[in-house]
Number of protein chains: 2
Amino acid sequence: MSTKHLIGIDIGGTTVKIAFITYDGVIIEKWEIPTNKSDEAQYIVPDIATSIRDKQKEKGYQHDDFAAIGVGAPGFIDVDSGMIHEAVNVGWKNYHLSEELKQATGYKVWVENDANLAALGENWKGSGDRANHMIAVTLGTGVGGGIIANGQLLHGANGTVAEIGHMAVETEQPLPCNCGKSGCLETVTSATAISRFAKMAIEEGKTTSLAQTLKEKDDITAKDVFEASTQGDQVAEDILAYVIEHLGRAIANLAIALNPSKIVIGGGVSKAGDQLLIPLRAVFDQYALTRTSHAAEIVMASLGNDAGVMGAAYFAKEEL
Amino acid sequence: MSTKHLIGIDIGGTTVKIAFITYDGVIIEKWEIPTNKSDEAQYIVPDIATSIRDKQKEKGYQHDDFAAIGVGAPGFIDVDSGMIHEAVNVGWKNYHLSEELKQATGYKVWVENDANLAALGENWKGSGDRANHMIAVTLGTGVGGGIIANGQLLHGANGTVAEIGHMAVETEQPLPCNCGKSGCLETVTSATAISRFAKMAIEEGKTTSLAQTLKEKDDITAKDVFEASTQGDQVAEDILAYVIEHLGRAIANLAIALNPSKIVIGGGVSKAGDQLLIPLRAVFDQYALTRTSHAAEIVMASLGNDAGVMGAAYFAKEEL
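Residues numbered from 1 in each chain as written. Chains lettered and ligands numbered in written order. Predicted model: local features only at pLDDT ≥ 70, side-chain atom pairs only at ≥ 80, totals over all residues. Heavy atoms only, no water.

- Under an unreviewed UniProt entry, chain A has the name Glucokinase and belongs to Pontibacillus yanchengensis Y32.
- Annotation of chain A in UniProt includes, under Sequence similarities (unreviewed entry), the sentence "Belongs to the ROK (NagC/XylR) family." (UniProt positions renumbered as here; feature names shortened; annotations may be inferred.)

### Focus on the packing of helix 4 (residues 114-125) of chain B against helix 12 (residues 307-319) of chain B
All names here are of chain B.
Consideration 1: Two elements in contact, helix 4 and helix 12, have axes separated by 7 Å at closest approach and are oriented at 85 degrees. In terms of orientation, helix 4 lies roughly perpendicular with respect to helix 12. Contact residues: Leu117, Ala118, Leu120, Gly121, Glu122, Trp124 and Lys125 in helix 4; Ala307, Gly308, Met310, Gly311, Ala312, Ala313, Tyr314, Phe315 and Lys317 in helix 12.
Consideration 2: Along the lines of polarity and charge, the residues of the contact of helix 4 with helix 12 split into 10 nonpolar, 3 polar and 3 charged. (Axes fitted to C-alpha atoms, helices over the stretch in contact; angles between N-to-C directions. Helix = DSSP H or I, 4+ residues; strand = E, 2+ residues; numbered from the N terminus. Parallel < 35°, antiparallel > 145°, perpendicular 65-115°, else oblique. Contact = heavy atoms within 4.5 Å. Nonpolar A, V, L, I, M, F, W, Y, C, P; charged D, E, K, R; others polar.)

### Concerning the side chain of Thr213(A)
All names here are of chain A.
Consideration 1: Looking at the secondary structure, you find Thr213 in helix 7 (residues 210-217).
Consideration 2: According to the relative accessible area criterion, Thr213 is buried, its value standing at 18%.
Consideration 3: For Thr213, the contacting residues outside a window of four places in its chain are Asp218, Asp219 and Asp224. (Buried < 20%, exposed > 50% of the residue type's maximum accessible area, 1.4 Å probe, protein only.)

### Some words on the relation of the copies chain A and chain B
Consideration 1: Between the two copies, chain A and chain B, the superposition gives an RMSD of 0.0 Å; the rotation angle is 180 degrees and the shift along the axis is 0.0 Å. Such a turn and shift between the copies fits a two-fold axis. Within chain A, the C-alpha atom positioned nearest to the axis of rotation is that of Leu254(A), 3.7 Å from it.
Consideration 2: Comparing contact sets, 100% of the residues at the interface of chain A also lie at the interface in chain B, consistent with an isologous, same-surface contact. (Least-squares fit on C-alpha atoms with pLDDT ≥ 70 in both.)

### Examining the sheet that holds strand 11 (residues 152-153) of chain A
Residue and element names in this part refer to chain A.
Consideration 1: Here 5 strands make up an open sheet; going across it, the order is 11-10-9-12-13 and the pairing mixed. At either end of the open sheet lies a strand with only one pairing partner, and these are strand 11 and strand 13 (297-300).
Consideration 2: Bridge analysis of strand 10 (residues 143-149) against strand 11 gives 2 bridges, and the strand direction is antiparallel. Residue pairing across strands places Ala149 opposite Gln152, the latter belonging to strand 11.
Consideration 3: Across the face of the sheet, helix 10 (residues 274-287) comes into contact with strand 9 (134-139), strand 12 (262-266) and strand 13 while running at roughly 155 degrees to strand 13. (Pairing = 2+ DSSP bridges.)

### Points about the sheet that holds strand 6 (residues 83-87) of chain A
Residue and element names in this part refer to chain A.
Consideration 1: Taking strand neighbours across the sheet as the criterion, the 3 strands line up as 5-6-7 in an open arrangement whose pairing is antiparallel. If you trace the sheet from one side to the other, it starts and ends with strand 5 (76-78) and strand 7 (92-95), each paired once. Sheet twist, expressed as the mean angle between neighbouring strand axes with direction ignored, is 15 degrees.
Consideration 2: The pairing of strand 6 with strand 7 spans 3 bridges and is classified as antiparallel. The partner of Ala87 across the bridge, within strand 7, is Trp92.

### Some points on the packing of helix 6 (residues 191-203) of chain B against helix 8 (residues 222-230) of chain B
All names here are of chain B.
Consideration 1: Contact pair helix 6 / helix 8: the axes reach a minimum separation of 8 Å and the direction vectors enclose 60 degrees. Taken together, helix 6 and helix 8 sit at an angle that is classed as oblique. Where helix 6 approaches helix 8, its residues Ala191, Ile194 and Ala198 are matched on the opposing element by Ala222, Val225 and Phe226.
Consideration 2: Residues that form the contact of helix 6 with helix 8 fall into these classes: 6 nonpolar, no polar and no charged.

### So, the environment of Asp24(A)
Residues and elements named next belong to chain A.
Consideration 1: With respect to the helices and strands, Asp24 occurs in the loop between strand 2 (15-21) and strand 3 (27-34).
Consideration 2: On the accessibility criterion, Asp24 (47% relative accessible area) is partly exposed.
Consideration 3: C-alpha of Asp24 to C-alpha of Ile220: the two residues are 196 residues apart in sequence and 41 Å apart in space.

### Details of the interface of chain A and chain B
Interface size is commonly expressed as the accessible area that is lost once the parts come together.
Consideration 1: Every contact between the two is made by 42 residues of chain A and, on the other side, 42 residues of chain B.
Consideration 2: Summed over both sides, the interface between chain A and chain B buries roughly 3500 Å², with carbon and sulfur atoms accounting for 57% of that surface.
Consideration 3: On inspection of chain A and its partner chain B, the count reaches 0 salt bridges.
Consideration 4: The interface formed by chain A and chain B contains 32 residue pairs in polar contact (both at pLDDT 80 or more). (Buried area = accessible area lost by both parts, 1.4 Å probe. Salt bridge = Lys/Arg side-chain N within 4 Å of Asp/Glu carboxyl O. Polar contact = N/O pair within 3.5 Å; in protein donor to acceptor, adjacent residues only side chain to side chain.)

### Notes on the pairing of strand 2 (residues 15-21) of chain B
Residue and element names in this part refer to chain B.
Consideration 1: Across the 7 residues that make up strand 2, a large majority, 6, are buried.
Consideration 2: Where strand 1 (residues 5-11) and strand 2 come together, 6 bridges link them in antiparallel fashion. Looking at strand 2, one finds that Gly8 is bridged to Ala19.
Consideration 3: Linking strand 1 back to strand 2 in an antiparallel pair, the connection comprises 3 residues.

### Examining the domain arrangement of chain A
Residue and element names in this part refer to chain A.
Consideration 1: On domain assignment, one finds that chain A holds domain 1 (5-122 + 306-319) and domain 2 (129-302).
Consideration 2: Look at where the C-alpha atoms of domain 1 and domain 2 centre, and you get two points 28 Å apart.
Consideration 3: Of the residues lining the interface, 13 residues belong to domain 1; the matching set on domain 2 comes to 18 residues.
Consideration 4: Taking both partners together, domain 1 and domain 2 bury about 1100 Å²; carbon and sulfur atoms supply 57% of that area.
Consideration 5: The tally of links from domain 1 across to domain 2 stands at 0 salt bridges.
Consideration 6: For the side of domain 1 that touches domain 2, the secondary structure elements donating two or more residues are strand 5, strand 8 (108-113) and helix 4 (114-125).
Consideration 7: The leading source of residues in the side of domain 1 that touches domain 2 is helix 4, at 6 residues.
Consideration 8: Considered class by class, the residues forming the side of domain 1 that touches domain 2 number 8 nonpolar, 3 polar and 2 charged. (Domains from an automatic or database assignment.)

### Description of the pairing of strand 2 of chain A
Residue and element names in this part refer to chain A.
Consideration 1: Here strand 2 runs beside strand 3; their pairing, made up of 7 bridges, is antiparallel. Bridge pairing in strand 3 places Lys17 opposite Glu32.
Consideration 2: The hairpin formed by strand 2 and strand 3 contains 5 residues between the paired strands, and Gly25 there has a positive phi angle of roughly 95 degrees.

### Regarding the side chain of Asp10(B)
All names here are of chain B.
Consideration 1: Along the chain, the position of Asp10 falls in strand 1.
Consideration 2: It is Lys17 that comes nearest to the buried, bridge-free Asp10 among opposite-charge side chains, at 5.0 Å.
Consideration 3: Setting aside chain neighbours within four positions, we find Asp10 in contact with Thr15, Val16, Lys17, Gly72, Asp114, Gly308 and Val309. (Lys, Arg positive; Asp, Glu negative; His and termini not counted.)

### Comments concerning helix 3 (residues 97-105) of chain B
Helical geometry note: an α-helix holds 3.6 residues per turn, so side chains three or four residues apart project in the same direction.
Residues and elements named next belong to chain B.
Consideration 1: For helix 3, the set of buried residues is Leu97, Ser98, Leu101 and Thr105. One side of helix 3 carries all its buried residues, which in axial view fall inside an arc of 95 degrees.
Consideration 2: Close packing links the buried residues of helix 3 with strand 1, helix 2 (44-59), strand 4 (66-73), strand 6 (83-87), strand 7 (92-95) and strand 8 (108-113).
Consideration 3: Residue Gly106 follows helix 3 closely and has a positive phi angle near 85 degrees. (Arc of directions from axis to C-beta.)

In structure tokens form, the structure reads like this:
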């Protein structure tokens, strides 16, 4: 390799994922450490710095074998300054992450929102296939996203770009959202929402095999709803039709604005595969302009949990 | 001036607007010629070339006083090749506008969609104030738009970027749209739509002063509806509340995706000024994330019909 390696970091509420990644995007080491949120999350940065040094020593790398660090963190981030305005899941508020991590490690550091960097990772090495115009939608506990346009990750004015989960999509029967609004895409199409709809149907006395699931497991997951639907459970089918109608329309509206060639669906719900993809494509085609539909391939994400560190490394590479 | 001038052209279905613009964005000459759509619109390019030469001679300019031409045209355009895939209003289909105009004038030529270039013009010299993240929405006969993100005009994958007028916003009572879909933003918030809602209300037998307007002028304009609303006409008030509800929500959803610092509203309907802006801001704030709202100033466009030629010149300047 003529060019130095990169360090990609993905800070979550439970674990910090760290990876050594070649300049061309091959992960050569990856590991996790717990996210220590105690005492206003002040130990996270020293923990990361120590862990990187230990791993470098263990694997025989020198400090100078690496060029820079890219970091994804949850919350609202000012990319120019590397300042975290607020990361509720971690506990930082107005925390100068890039400066702190630079001091602790001796590397240049760039910080972006974790969902945005996951989108960038999928674009670089995953299903995004380096598309110049791409929308990533992550359907997990919440709904997140990232946007690539004109070949660049969009950063936005104050760290709320691609907050797709908070598009207002349900005005007839809006449910409250964590953000304080109601009717957000996240309240309809997240794994949490799918589970909630199943429990609501049972509470309303609807006949469904999911009542038995709830009794046995004391919970219903989005996966359970997809499985019940394949067994012909009408309640499960209706829930998924409702979810996919809203998801497909929201993505179509985004595509009408952004004219992407790739739409990458990730997160736990995307594991449903064609059971999600085929009806989603149909709804998308119904609401998008014909020409917009022709441009846009809808695919499932392929990097899984590596998307964040991969995108973080790529971001550092681009900023260098 | 150390740097050559630019030529901005805005091709519409009725007239072609042409302007000589300094490198710094001052219009030094502007004029219009009719759009000759006969014989598959083959005369438009020679007409433009002749008109530019005539004007240069008349005003004492040399060919070399100008560096390049930027052109806005309606329809679906491939920016890289300068090819017009389809411009229904003009009559071109798979027409290589940039090549033809380059041959005819001897200048380098860059072509983009007219609405996108109007957004770029407002960004350069109008209300957009060079914001790095901006959404332009034009409320005229139809509804168009343009998006600036990361400091660049977005081009999209196949010429349908920022087709904001075709976002699917009305699913309860969708009206048919020219695009073949129904319930598009354009069917709710264009000047045409506002006029149509007034006529529909009269047909339904609702009591409104607009019935008298229709009788007197054999038509109702969007302006008439705004004026009736200021006079306390309930039907007009209800129409505008409905229109602004959908417009504000659509713009909020775009802002949630794009996190702009400026949202520029143009087109004939924007002449309503604060009567539109104040309730629009309220609806926007209701649906946008609080932080997204804080970033986004909503303003009226200021360049009027000059936005297109100004944006065209800037596009050529940037591409040079």
